[in-house]
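Okay, here's what each chain looks like letter by letter:
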Amino acid sequence: VKATDGTTVALMPGQSASLADGLLRYVRLANDSRCKPGVQCVWAGDAVIELHWTPTTGTARDLTLHLNPQAGSTTAKLDTREVTFTHLAHPQPQASLRIDPAD
């Protein structure tokens, strides 16, 4: 999937987003403790995804992002841009990732 700054991409595990300066792959859904649809919960829960960033120059690295900002970081810096985990579909693990220029 081609991705440009200011857009949101939806990826399934194993899919990648091609950016101008590298490739961002959605490795897997590591955890999903969110409240199920139609169920009332005390805590909203969290979803955790693992990503792999391979820049065109430099060192590749693994990233872990949370959907719930109270549980962990929702955003990671990818050299000149940032990726933010914004949504996880139910029941399939399709993750929505917002791509923005880094400050």
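Coordinates for the structure precede this section.
Residues numbered from 1 in each chain as written. Predicted model: local features only at pLDDT ≥ 70, side-chain atom pairs only at ≥ 80, totals over all residues. Heavy atoms only, no water.

A.B. asks: Would you explain the state of the cysteines in this entry?
C.D. replies: Two cysteines, two sulfur atoms, one covalent bond between them: this is a disulfide. The final tally for this structure, using the stated rule, is one disulfide. With its sulfur 2.0 Å from that of its partner, C35 forms a disulfide with C41. Sign of the S-S torsion, about 80° for the bond between C35 and C41, identifies this disulfide as right-handed. On the accessibility criterion, C35 (23% relative accessible area) is partly exposed. The exposure class assigned to C41 is partly exposed, which follows from its relative accessible area of 37%. (Disulfide = S-S within 2.5 Å. Buried < 20%, exposed > 50% of the residue type's maximum accessible area, 1.4 Å probe, protein only.)

A.B. asks: Whenever I open this one, the sheet that holds strand 8 (residues 95-101) confuses me. Can you help?
C.D. replies: Pairing is antiparallel in the open sheet, where four strands are placed in the order 1-8-7-6. Each of the sheet's edge strands pairs with one partner strand only, and the pair in question is strand 1 (7-11) and strand 6 (75-78). For this sheet the average axis-to-axis angle between neighbouring strands, irrespective of direction, equals 30°. Alignment of strand 6 against strand 7 (residues 81-88), held across four bridges, turns out to be antiparallel. By the bridge assignment, A76 is partnered in strand 7 with V83. (Pairing = 2+ DSSP bridges. Helix = DSSP H or I, 4+ residues; strand = E, 2+ residues; numbered from the N terminus. Axes fitted to C-alpha atoms, helices over the stretch in contact; angles between N-to-C directions.)

A.B. asks: What's the story with the sheet that holds strand 4 (residues 47-55) in this structure? I'm lost.
C.D. replies: Across a sheet, strands are paired by hydrogen bonds formed along the backbone, either parallel or antiparallel in direction. The four strands lie next to each other as 2-3-4-5, forming an open sheet whose pairing is antiparallel. Every interior strand has two partners, whereas the edge strands, strand 2 (16-19) and strand 5 (61-66), have only one. Ignoring strand direction, the axes of neighbouring strands in this sheet form an average angle of 25°. The pairing of strand 4 with strand 5 spans six bridges and is classified as antiparallel.

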